[in-house]
Amino acid sequence: MKDVLIVDDHPVIRGALRLICQNEGFSRIRDASGAADARALIKEGAPDLVILDLVMNGFDGMDLLVWIMAQFPGCGVLVFTSQDAQHFCNRCISAGARGFVTKKSDLKELIKAIHALKSGYSYFPQMPVRLDFHQRTEQQSLESLSTRELSILRMLAMGMRGKDIAEALFLSPKTVSTYKTRLLEKLGLKTLVGLSDFAKRNHL
């Protein structure tokens with residue numbers, strides 16, 4: 001692997017990742033702060049490795065991950081995100097990611113993951129399995145959500161309006177409203193405040 005693309009909306013993080021990639025011997029290092037720039041750069045020349053955040057300025061990194069795997073299956077995608085591994089790691093694996101590291105981890109974990117992918121391996125965290133009854137019930141509720149529902153839940157919890165979510169995900173406002181109703185029903189909640197509290201409890 002010689003070519004890497006960093007996709008993250010925080011300039012400081014992009015700068016830190018660029019230094020790490022330089023130290024790891026990547027000869028071509030590009031970066032993007034959002035989906036449109038990332039897609040354009042990938043179309044110019046598919047990188048060997050994409051280091052991808054899942055949440056950037058209301059844009060859903062899962063959508064980009066799915067797009068990359070559909071269009072450029074040879075890309076190795078390493079998810080590097082603040083999102084909780086308990087809720088997102090398996091979804092990323094299903095979408096085709098080859099690695100997952102949380103930003104809460106020591107940077108040594110990220111370097112280990114880069115080494116693993118460069119050597120042809122995958123890198124995923126071990127998942128905690130002991131949950132109390134309340135946690136287990138909410139975990140089951142989360143697992144019942146589709147990837148799109150989870151994305152919209154996260155955006156609603158961030159305080160985004162339905163119109164903004166629709167624009168970010170290329171959906172109609174009516175479709176987003178339908179998703180809101182479905183989320184409330186699936187999670188047994190009555191208000192958007194309840195959705196926000198649910199998301200905070202589960203570190204979304």
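Residues numbered from 1 in each chain as written. Predicted model: local features only at pLDDT ≥ 70, side-chain atom pairs only at ≥ 80, totals over all residues. Heavy atoms only, no water.

Asks: Residues and numbers for the packing of aromatic side chains, please.
Replies: Across all of its chains, the model carries one aromatic pair by this definition. Residues Trp67 and Phe72 carry aromatic rings whose centres are separated by 5.8 Å and whose planes lie at 65 degrees to one another, so their mutual orientation is edge-to-face. The class of Trp67 is buried, set by a relative accessible area of 14%. Looking at Phe72, the relative accessible area reads 23%, which means it is partly exposed. Sitting over the ring of Phe26, Lys118 keeps its end group 5.0 Å from the ring centre. The ring of Tyr179 is capped by Arg182, whose NZ or CZ atom sits 4.9 Å from the centre of that ring. (Phe/Tyr/Trp six-rings, centres within 6.5 Å; stacked < 30°, edge-to-face > 60°. Buried < 20%, exposed > 50% of the residue type's maximum accessible area, 1.4 Å probe, protein only. Lys NZ or Arg CZ within 6 Å of the ring centre and 35° of its normal.)

Asks: Can you break down the packing of helix 4 (residues 85–95) against helix 7 (residues 147–157) residue by residue, with the values?
Replies: Viewed as axis vectors pointing N to C, helix 4 and helix 7 meet at an angle of 140 degrees, and their least axial separation amounts to 12 Å. Between helix 4 and helix 7, the angle falls in the class oblique. Along this stretch, helix 4 crosses helix 7, giving a crossing that reads as left-handed. In this structure, helix 4 uses His87, Phe88 and Arg91 to contact helix 7, whose residues at the interface are Thr147, Leu150 and Arg154. By residue class, the composition of the contact of helix 4 with helix 7 is two nonpolar, two polar and two charged. (Axes fitted to C-alpha atoms, helices over the stretch in contact; angles between N-to-C directions. Helix = DSSP H or I, 4+ residues; strand = E, 2+ residues; numbered from the N terminus. Parallel < 35°, antiparallel > 145°, perpendicular 65-115°, else oblique. Left-handed = near helix turned anticlockwise from the far one by under 90°. Contact = heavy atoms within 4.5 Å. Nonpolar A, V, L, I, M, F, W, Y, C, P; charged D, E, K, R; others polar.)

Asks: Please give an account of the pairing of strand 1 (residues 3–7) that cites residues and values.
Replies: A regular strand places its side chains so that they alternate between the two faces of the sheet. The element strand 1 is largely enclosed, with a buried count of five among its five residues. Burial along strand 1 is two-sided: Asp3, Leu5 and Val7 and Val4 and Ile6, pointing in opposite directions, are all buried. Taken together, strand 1, helix 1 (residues 11–23) and strand 2 (residues 28–32) constitute a β-α-β crossover, and its handedness is right-handed. (Right-handed = clockwise from strand over helix to strand, strands pointing away.)

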